[in-house]
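Coordinates in review
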Amino acid sequence: MNKTEQKQVNLLGVFGVIFFNLIVGLAVGITLLALLFSLWIITLTFTFSPALFILVLLIKLQAFTWFTFGASLILCAFGVLLYPLTRKVTQHLSNFAKKYLKYNEQMMHR
């Protein structure tokens, strides 16, 4: 790239992007990441609840009951059904973050 083809940096745009992202973007980003992390934890925990049920029985922390066995199977079904939604939400948030970063880069150049 020649020196004449290089983009010039807009200092006011850089300061605007930095301050906006520190005040608004950071709060929204951390909140969305925490919610996404929670969604993944819930999905994985629900999916592996029968294995956790068996582990609890083997360690003898709890006696076997049909209710807990059925509940672990129902949670497993919810976890399996929740998995595609969780992947789609992750993909959409990732695409949004990439577009947002590209937009920020455009705001810093003239």
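Residues numbered from 1 in each chain as written. Predicted model: local features only at pLDDT ≥ 70, side-chain atom pairs only at ≥ 80, totals over all residues. Heavy atoms only, no water.

This part covers the UniProt feature "transmembrane region" (unreviewed entry) in the chain. In this numbering, the UniProt entry assigns the feature "transmembrane region" (unreviewed entry) to residues 12–33, 39–59 and 66–85. For residues 39–59, helix accounts for 95% and strand for 0%, while the C-alpha atoms at its two ends are 28 Å apart. Across residues 66–85, the secondary structure splits into 100% helix and 0% strand, with the terminal C-alpha atoms separated by 29 Å. (UniProt positions renumbered as here; feature names shortened; annotations may be inferred. Helix = DSSP H or I, 4+ residues; strand = E, 2+ residues; numbered from the N terminus.)

For the rest of this paragraph, the subject is the confidence of the model for the chain. Summary statistics for the chain give a mean pLDDT of 91 and a share of 94% for residues scoring 70 or more. The least confident element of the chain, judged by mean pLDDT, is helix 1 (residues 11–47) at 93; the most confident is helix 3 (residues 66–107) at 95. (pLDDT = per-residue confidence, 0-100.)

Time to look at the layout of surface pockets. Volume-wise, the largest pocket comes out at about 500 Å³. G25, G29, L32, F96 and A97 are the residues nearest the centre of the largest pocket, which is lined by 19 residues in total. Residue assignment for the lining of the largest pocket shows that the elements contributing at least two residues are helix 1 and helix 3. Class assignment for the residues of the lining of the largest pocket results in 14 nonpolar, 5 polar and no charged. (1 Å grid on protein atoms, 1.4 Å probe; cavity = no way out; pocket = protein on both sides within 12 Å on 5 of 7 lines; lining within 4 Å. Points joined across faces, edges and corners; volume = space filled by probe spheres on them. Nonpolar A, V, L, I, M, F, W, Y, C, P; charged D, E, K, R; others polar.)

On to unusual backbone geometry. The phi angle at K60 is positive, at roughly 65°, despite the residue not being glycine. Following the sequence through the fold, K60 ends up in the loop between helix 2 (49–59) and helix 3.

On to the environment of T90. Mapped onto the elements, T90 comes out in helix 3. Through-space distance from the C-alpha of T90 to that of F37 is 9.5 Å; in sequence the pair is 53 residues apart. Ignoring sequence-local partners within four residues, the contact set of T90 consists of L36 and W40. In terms of polar contacts, T90 uses its side chain to reach the backbone carbonyl oxygen of T86, at 2.8 Å. (Contact = heavy atoms within 4.5 Å. Polar contact = N/O pair within 3.5 Å; in protein donor to acceptor, adjacent residues only side chain to side chain.)

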